[in-house]
Amino acid sequence: MNMATQLVPEAETEADHSEIKHRYLDALNLIERLHRRLLDVIKDEFERNGQPEVNSVQALLLFNIGDAELTAGELRSRGHYLGSNVSYNLKKLVDAGYIHHERSEVDRRSVRVRLTERGREICERVDHLYHRHLGSIEEVGGISGEDFDTLNQSLQRLERFWTDQIRYRL
């Protein structure tokens with residue numbers, strides 16, 4: 001095999017990478033922007049209703065706890081939050097009366113949290129916001145259930161790819 005034939009596949013691969021690189025970086029940028037925009041939407045909802053005492057990150061945290069009783073570690077392992085972020089916000093929410101916390105009888109280092117009645121009210125407000133979005137997301141946003149299926153499948157594959165990068169040091 002001569003040197004020219006060995007270079008053709010490599011050149012094609014670089015062209016393919018260049019083609020997908022732009023799309024990949026656009027997707028990464030969009031994922032970050034969408035999360036920030038979601039936080040803006042939640043913040044706006046609470047400001048419109050005169051409840052700015054919780055910030056959007058805290059409201060989303062309350063929503064993600066929902067009816068469950070969890071540890072901070074379980075919230076982190078679900079992939080929603082970074083360690084210091086969840087600890088700081090949980091402390092603030094406990095102090096403000098949105099979350100009840102209790103040390104585990106088995107492992108005294110572990111603290112289990114659940115929503116108080118005030119916390120459930122915030123959770124329900126976020127749920128109501130999402131429900132309101134569902135009423136118009138297809139008609140106004142032009143996004144169908146099939147679109148969400150495709151989007152979710154792609155995002156799950158991307159998450160699995162990144163997880164494998166870490167797990168198998170690829």
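Scroll up to find the structure this text is about.
Quick look at the structure, then. The structure displayed is predicted, hence computed values, not measured ones.

**Re the nonpolar core**
And step 1. Grouped together as the largest cluster of nonpolar side chains are 24 residues, with contacts concentrated most on Ile65, Leu90 and Ile99.
And step 2. At the level of elements, helix H1 (3–48), helix H2 (56–65), helix H3 (72–77), helix H4 (83–95), strand S3 (111–115) and helix H5 (117–134) are the ones that each hand at least two residues to this core.
And step 3. When residues in this core are grouped by element, the largest group, five residues, is from H2.
And step 4. Sequence-distant contacts of Leu90, defined by excluding residues within four places in its chain, comprise Leu61, Ile65, Ala72, Leu75, Ile99 and Val113.

**Considering the sheet that holds strand S2 (residues 99–103)**
And step 1. Read from one edge of the open sheet, three strands run S1-S3-S2, paired in antiparallel fashion. Taken across any chain shown, the strands that pair with only one partner, and hence form the sheet edges, are strand S1 (70–71) and S2.
And step 2. Contacting S1, S2 and S3, H2 runs over the sheet at an angle of about 95 degrees to S3.

**Structural notes on the pairing of S3**
And step 1. As judged from the two bridges shared by S1 and S3, these two strands associate in the antiparallel manner. Of the residues in S3, the one forming a bridge with Leu70 is Val113.

**Details of the packing of H2 against H5**
Describing two packed helices takes the angle between their axes plus the distance from one axis to the other.
And step 1. Packing of H2 against H5 brings their axes to within 8 Å, and their N-to-C directions diverge by 95 degrees. Considered as vectors, H2 and H5 are oriented roughly perpendicular to each other. In this structure, H2 contributes Ala59, Leu60, Leu62 and Phe63 to the contact, and H5 contributes Gly119, Ile122, Cys123, Val126, Asp127 and Tyr130.
And step 2. Looking at the contact of H2 with H5, its residues break down into eight nonpolar, one polar and one charged.

**A few points about the pattern of salt bridges**
And step 1. Counting across every chain of the model gives 10 salt bridges.
And step 2. Put simply, Glu69 and Arg112 hold a salt bridge, and the shortest N to O gap is 3.4 Å. Here Arg112 lies in strand S3 and Glu69 lies in the loop between H2 and S1, a separation of 43 residues in the sequence.
And step 3. Between Arg120 and Glu117 there is a salt bridge, with the nearest N and O atoms lying 3.4 Å from each other. Linking Arg120 with Glu117, this pair stays in helix H5, spanning three residues, or about one helical turn.
And step 4. Put simply, Glu69, Glu74, Arg112 and Arg114 are held in one network by salt bridges that share partners.

Quick notes on the rules
- Residues numbered from 1 in each chain as written.
- Predicted model: local features only at pLDDT ≥ 70, side-chain atom pairs only at ≥ 80, totals over all residues.
- Heavy atoms only, no water.
- Core = buried A, V, L, I, M, F, W, Y, C linked by side-chain atoms within 4.5 Å.
- Buried < 20%, exposed > 50% of the residue type's maximum accessible area, 1.4 Å probe, protein only.
- Helix = DSSP H or I, 4+ residues; strand = E, 2+ residues; numbered from the N terminus.
- Contact = heavy atoms within 4.5 Å.
- Pairing = 2+ DSSP bridges.
- Axes fitted to C-alpha atoms, helices over the stretch in contact; angles between N-to-C directions.
- Parallel < 35°, antiparallel > 145°, perpendicular 65-115°, else oblique.
- Nonpolar A, V, L, I, M, F, W, Y, C, P; charged D, E, K, R; others polar.
- Salt bridge = Lys/Arg side-chain N within 4 Å of Asp/Glu carboxyl O.

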